[in-house]
Amino acid sequence: MNLVAILMLFPLIASGVIFLVRNDYARNVIVRISACITGILSLVVVYVNFKQGLALSFKYEHIIDYCIMAASILIAVYVIYTGMKNKKYFAVVFAAVQTPLMIWFELTYKHGIEIHNDIIFDKLSAIMVLIVGLIGSLICLYAVGYMKWYHIHHDEYKERKSFFFAVLFLFISAMTGLVLSNSLTFMYFCWEVTSLSSFLLIGYTKTEEAKNNAFRALTINLGGGLAFAVAVVMIGINFKTLELSTLINMKPELMVLIPVFLLAIAALTKSAQLPFSSWLLGAMVAPTPSSALLHSATMVKAGVYLIIRLAPLLGTTSVGRIITLIGSVTFLVTSLFAISQSDAKKILAYSTIANLGLIVTCASTGTQESLWAAILLMIFHSVSKSLLFLSVGSTEHQIGSRNVEDMDILMNVSRRLSLYMIIGIAGMFLAPFGMLISKWVAMKAFIDSDNILTVMILAYGSAATLFYWTKWMGKLISNANRKEKIEHSFHIDEEFPIFIQAALTVVSCFAFPLISKYALVPFLSGVFGQATIPIDTSDVKIMLIMLSMLIILPISFSPIYKKDKRRIVPIYMAGENAGDNENFHGAMGVTRKVELRNWYIDNYFGNNKFYFWSNIIAVAILCVGAALMIWGGII
Amino acid sequence: MIILKIIAIIILAPVIGGLLTGMDRVISARMQGRFGPPLLQPFYDVFKLLQKESIEVNMMHRFYVYISLIFVIFTTVIMLLGGDILLAIFVLTLGSIFFVLGGYASNSPYSLVGSERELLQMMAYEPMVLLVSVGLYYVDKSFYITQIISSKMPAIIYLPGVFAGLLFILTFKLRKSPFDLSMSHHGHQEIVKGITTEYSGKDLAVIEITHWYETVIAFVLVYIFFATASNFSHFIAIGVCGVVYLLEIIIDNAFARVKWQMALKSAWIVTGILAAVNLIVLSFIK
């Protein structure tokens, strides 16, 4: 059997086994081993196939087709059943339309279509496999430690850990299939499985809120799935092909652009772009590892992955313009929105949507430089975001809150945990770290392709990004000196995956010239004929010097500190400090507690009107864009 | 050779920055009908600060201003060696962020308010600073300052709007009224001395020196718009820098400090209009 097939099937089998094992201890061991194997397997697959790449077709195609068909029917029946039970009729309708449509297509037209390569493994797939395999397995590893404490802190929820871990692995399996498949029908199937898995994970706690949010996620993603299905059928009937690699080499005429537009809509729903973003914000009711998985390694990355694949058909075509506009509006609006949030998970969710918006913008701009930026953004975002989610999850266990305002004591509770979180935040926006390098190239790419509007939006969005991350970082280092000591226990099974990801965040920044040279440039050369790294070597050197400085400087200051003992005085509070830096003498001789709060500017950025109108604008862009595309195509 | 150059930049830039600050104080005094301090007063101040006892509120907060200084020096060196302007701006932002974090680290009410305001100011001026470098790149197809200042035509001809926008946000960068919300040069502000409230002695001297470097950086940005391949243009560029500085001093003395809402809105609207119109026009005529 082929290694690639093992990589796809192993998590699936692991998922089944984990679901059946009910003993806590045994299951934890199995989860840990399976996570390690998944991670190692993805490394091996990439190592073996990286140079040559790989293209294969399924041997027993008919059998696999029928298996997939049976599985789709099962999924559809399950969705329709639970949808009817919970009175969520939109999801029912979507499932009831697309599955019969696909089955009708499989049984009639598909027989005449020959698929040469079901699976294609190129440099981009290699990057995706590493993201899914490594980050995904680290998150599973973390989940073992996390879920133990989750159920101690939340004894109101029914424990369904077997189910939870099983779905995590199912998710990884589907995602691996998705990034490897070249056949659109197989990709569509994996696409639907990821929608289902996210539905199952979000609804884990079975509370009313969780149920509603899970159904919202399912409905929106099934809507996207419907668009995907229609696109597949259109391509199949019109062009007698079902291969992604053939599709992207076609001429951008109307009959091609309509299915591409539908595929892009599917990608936008999955990547939670405006106007489809509400499901990702609702997804945070689930336990943190599942949020981490949704936000970093799987799910939302599927959408941008598809857009990156479709990039040759986007660019200056009408579809490309629409998607660029949607992405940049999303980036700006959600960056501004993140300023008004104090719940750490909400900030992370908005920042995910914003960054995906940026990736969508870059990918749909479709030039060589912008694709370079898009892929690099995707890599760095995955690493930093999952690090941040995992550290927020552990913080919640340590200080009992995930509000950023309460994190000023984190330094006293666990110095290491706050350091990991600072690394994660720095990775998201600070100068020598990865996200910024990509933003830099994105800016260059937009101006090179005369996208003035996008450049302006990027400038404003970056300013907003800087605001909300810095104030969070400020809280972490503010070193509030509370007298009461909080008992903490940052366990090794939580810390180990976090540590690895913090290390990955830093290492990936040092390694980006290598990633660029060995993966991005060859991939882009394949797409565009030729490609170069868009940053000059002298600049790369300066960046690396800066990064080293950031690591060395804090250490080099410690000898000065040892020698230089200074007088420590109370904080200045206009002479009214009660002496302990925690209280001050207020009016009428009352002693009051000092409370320091960040700015949220929520009467500007936090109100619902702002969000409502941004969604209206996004819908308008899509509708007007679609109308213009069809009109332009007919003329 | 390059090492000598770097050393010269590191030593000379603060001297120039300090002299500029001294001139500012003399001119301001004359505008207000005072005689004012001697030209070298900023240097006397800093030397005195260095001799004073440095007291602190916790072990950590001075660390951030040192790092801030190092990255601001780094920016100055990149810019004066003719390096990548966008990279220089990113490094400068990093330096500014460390300064803000210094305010957070002291965990003092006045410092925190100062930090929040400083952060807001950064959010207000950052789009324009980025668009300045984008505009220059759009004109000369290079981010390198050496190449930008060796073109035939000065950038100002293509980018009058962007330059006007830069002048607007320069008031933030130079910490001048009406946009000196976070840390005024004058101690009678409602938030005492903002971020610097808890710093004293050597640390305060470091902050002052950082500001000198930042002043030089601000004028390098102005300078780039006027310098070309011809030698004469460099004199013009220096002259313009002088005029701009005088203008900023007049604005400083003529306007009262605004509220943060006004600072943010005005900077974003001015940026949006001037930079957008300029860049769009440019995209048509190029």
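Everything numeric here is computed off the predicted structure, so don't read it as measured data.

Asks: Mind laying out the overall build of chain A, listing which residues take part and the relevant values?
Replies: Helices and strands together make up the secondary structure of chain A, namely 25 helices and five strands. Its C-alpha atoms give chain A a radius of gyration of 25 Å, within 12% of the compact-globule value 26 Å for 635 residues. If you line up chain A on its principal axes, its C-alpha atoms span 85 × 60 × 50 Å. Taking all 635 residues of chain A together, 57% fall into the buried category. Of the contacts made within chain A by residues no fewer than 6 positions apart, 80% connect residues no fewer than 24 positions apart.

Asks: How would you sum up the overall build of chain B? Please name residues and give values.
Replies: Broken down by element type, chain B carries ten helices and one strand. Taking the principal axes of the C-alpha coordinates as reference, chain B spans close to 55 × 45 × 40 Å. The burial tally for chain B puts 56% of its 286 residues in the buried class. Expressed as a percentage of contacts within chain B between residues at least 6 apart in sequence, the contacts between residues at least 24 apart total 75%.

Asks: Tell me what's going on with the interface of chain B and chain A, and back it up with residues and numbers.
Replies: Counting from both sides, the interface comprises 50 residues of chain B and, opposite them, 42 residues of chain A. The set of elements that each furnish at least two residues to the side of chain B that touches chain A consists of β1 (55–56), α3 (61–80), α4 (85–105), α5 (109–140) and α10 (260–285) of chain B. The dominant element in the side of chain B that touches chain A, judged by the number of residues it contributes, is α5 of chain B, at 16 residues. Its residues placed into classes, the side of chain B that touches chain A shows 36 nonpolar, nine polar and five charged. Bridge count for strand β3 (residues 567–568) of chain A against β1 of chain B is two bridges, and the pairing is parallel. Bridging from a neighbouring strand, Arg 567 of chain A pairs with Ile 55 of chain B of β1 of chain B.

Asks: Tell me about the domain arrangement of chain A, and name the residues and values.
Replies: All names here are of chain A. If you check the domain split of chain A, you get domain 1 (1–239 + 280–309) and domain 2 (314–556 + 597–635). When each unit is reduced to the centre of its C-alpha atoms, the spacing between domain 1 and domain 2 is 24 Å. The interface of domain 1 with domain 2 comprises 31 residues on the first partner and 37 residues on the second. Going through the elements one at a time, α5 (123–153), α11 (278–282), α12 (288–297) and α13 (300–310) are the ones with two or more residues in the side of domain 1 that touches domain 2.

Asks: Tell me about the packing of helix α4 (residues 89–107) of chain A against helix α8 (residues 208–239) of chain A, residues and numbers included.
Replies: Residues and elements named next belong to chain A. Two elements in contact, α4 and α8, have axes separated by 9 Å at closest approach and are oriented at 25°. The pairing of α4 with α8 is recorded here as roughly parallel in orientation. In the crossing of α4 with α8, the sense of the turn from one axis to the other is left-handed. Contact residues: Phe 90, Ala 91, Phe 94, Ala 95, Val 97, Gln 98, Leu 101, Met 102 and Phe 105 in α4; Phe 215, Leu 218, Thr 219, Leu 222, Gly 223, Gly 225, Leu 226, Ala 229, Val 233 and Gly 236 in α8. Classifying every residue of the contact of α4 with α8 gives 14 nonpolar, five polar and no charged.

Asks: Outline helix α22 (residues 537–556) of chain A, supporting the account with residue identities and numerical values.
Replies: Taking 1.5 Å per residue as the helical rise, α22 of chain A with its 20 residues ought to reach 28 Å, and the 27 Å between its terminal C-alpha atoms agrees with that figure. At Leu 550 of chain A, α22 of chain A shows its largest bend, some 30°, and a proline, Pro 554 of chain A, comes one to four positions later. Within α22 of chain A, burial applies to Ile 542, Met 543, Met 546 and Leu 550 of chain A. Elements that come into contact with the buried residues of α22 of chain A comprise α19 (434–448) of chain A together with α3 and α4 of chain B.

Asks: Describe in detail unusual backbone geometry, supporting the description with residues and values.
Replies: Of note, the bond from Leu 274 of chain A into Pro 275 of chain A is cis; its omega dihedral lies within 30 degrees of zero at 0°. By the element assignment, Pro 275 of chain A lies in the loop between α10 (254–270) and α11. A cis amide bond links Ser 177 of chain B to the next residue, Pro 178 of chain B, at an omega of 5°. Checked against the element boundaries, Pro 178 of chain B lands in the loop between α7 (160–173) and α8 (201–224). Despite not being glycine, Arg 175 of chain B has its phi angle at roughly 55°, a positive value. Here Arg 175 of chain B is to be found in the loop between α7 and α8. Looking at Arg 175 of chain B, the number of C-beta atoms within 10 Å reads 20, which means it is buried.

Asks: Would you mind going over the environment of Leu 20 of chain A in detail, with residue names and values included?
Replies: Residues and elements named next belong to chain A. For Leu 20, the location among the structural elements is in helix α1 (residues 3–20). Classification of Leu 20 as exposed rests on a count of 9 C-beta atoms within 10 Å. Spatially, the C-alpha atom of Leu 20 lies 66 Å from that of Gly 589, the residues being 569 residues apart in sequence.

Asks: Tell me about the confidence of the model for chain B, residues and numbers included.
Replies: All names here are of chain B. Summary statistics for chain B give a mean pLDDT of 90 and a share of 98% for residues scoring 70 or more. Within chain B, the element-level pLDDT minimum falls on β1, averaging 84, and the maximum on α7, averaging 94. Reported for the predicted complex are a pTM of 0.94 and an ipTM of 0.94.

Asks: Talk me through the environment of Val 193 of chain A; I want residue IDs and the actual numbers.
Replies: Considering the arrangement of structural elements, one finds Val 193 of chain A in helix α7 (residues 184–202). Sequence separation between Val 193 of chain A and Leu 170 of chain A is 23 residues; the distance between their C-alpha atoms is 8.3 Å.

Asks: Which residues make up the packing of α7 of chain A against α8 of chain A, and what values do they have?
Replies: Residue and element names in this part refer to chain A. Packing of α7 against α8 brings their axes to within 8 Å, and their N-to-C directions diverge by 175°. Considering the angle they form, α7 stands roughly antiparallel to α8. Along its contact with α7, which presents Leu 184, Thr 185, Tyr 188, Trp 191, Glu 192, Ser 195, Ser 198, Phe 199 and Ile 202, the element α8 presents Ala 210, Asn 213, Ala 214, Ala 217, Leu 218, Asn 221, Leu 222, Gly 225, Phe 228, Ala 229, Val 232 and Ile 235. Looking at the contact of α7 with α8, its residues break down into 14 nonpolar, six polar and one charged.

Asks: Before we move on, can you summarise the nonpolar core with the specific residues and values?
Replies: Counting residues in each nonpolar core, the largest one holds 327 residues, and the members touching the most others are Ala 264, Ile 307 and Ile 375 of chain A together with Val 91 and Ile 224 of chain B. Sorting elements by how many residues they give to this core places α5 of chain A first, with 20 residues. Counting only domains with at least three residues in this core, you end up with domain 1 (1–239 + 280–309) and domain 2 (314–556 + 597–635) of chain A. Those residues in contact with Ile 224 of chain B that sit more than four places away from it in its chain are Leu 136, Ile 145, Ile 148, Ile 149 and Ala 155 of chain B.

Asks: Explain α5 of chain B residue by residue, including any values.
Replies: All names here are of chain B. Given a rise of 1.5 Å per residue, 32 residues ought to cover 46 Å, and the 46 Å separating the end C-alpha atoms of α5 matches this to within 8%. At Tyr 125, α5 shows its maximal bend, which comes to roughly 40°, and the proline Pro 127 appears one to four places after that position. Counting buried positions along α5 yields 31 of 32 residues, so the element is predominantly enclosed. Looking one or two places after α5, you find Lys 141, whose phi comes out positive at around 55°.

Asks: I'd like a description of the environment of Ile 236 of chain B, backed by residues and values.
Replies: Of note, Ile 236 of chain B is situated in helix α9 (residues 231–254). The sequence separation of Ile 236 of chain B and Tyr 223 of chain B amounts to 13 residues, and the corresponding C-alpha distance is 9.0 Å.

Reading the values: rules and limits
Note on numbering: residues in each chain are counted from 1, in written sequence order. As a convention, the first chain written is A and the first ligand written is 1, with the rest following in written order. In keeping with the model being predicted, local features are shown solely for residues with a pLDDT of at least 70 and side-chain atom pairs are shown and tallied solely at 80 or more, while totals for entire chains, interfaces and linings include all residues. A run of H or I in DSSP counts as a helix once it spans at least four residues, and a run of E counts as a strand once it spans at least two, with each numbered from the N terminus. Our radius of gyration looks at C-alpha atoms and nothing else; its globule reference is 2.2 Å times the residue count to the power 0.38. Think of it as a crowd count around each C-beta: if 20 or more other C-beta atoms lie within 10 Å the residue is buried, if 12 or fewer it is exposed, and in between it is partly exposed, with C-beta placed from the backbone throughout. By definition, residues are in contact whenever their C-beta atoms, placed on the basis of the backbone, come within 7 Å of each other. Gly counts as polar in this scheme, as do all residues outside two lists: the nonpolar Ala, Val, Leu, Ile, Met, Phe, Trp, Tyr, Cys and Pro, and the charged Asp, Glu, Lys and Arg. Pairing between strands is defined by DSSP: at least two bridges between the two strands are required. Note that domain bounds follow an automatic or database assignment of domains. Whenever a helix is involved, its axis is fitted only over the stretch in contact; in every case the axis is a line through C-alpha atoms, and angles between N-to-C directions fall within 0 to 180 degrees. For this classification, under 35 degrees means roughly parallel, over 145 means roughly antiparallel, 65 to 115 means roughly perpendicular, and everything else is oblique. Crossings are classed by handedness, with left-handed meaning an anticlockwise turn of the near helix from the far one by less than a right angle and right-handed meaning a clockwise turn. Helix span, as expected, comes to 1.5 Å for every residue beyond the first. In this scheme, the bend at a residue equals the angle between the axes fitted to the seven residues that finish there and the seven that begin there. Each residue carries a pLDDT score, the predictor's own confidence in it, on a scale running from 0 to 100. The term nonpolar core refers to a group of buried residues, namely Ala, Val, Leu, Ile, Met, Phe, Trp, Tyr and Cys, whose C-beta atoms join them within 7 Å.

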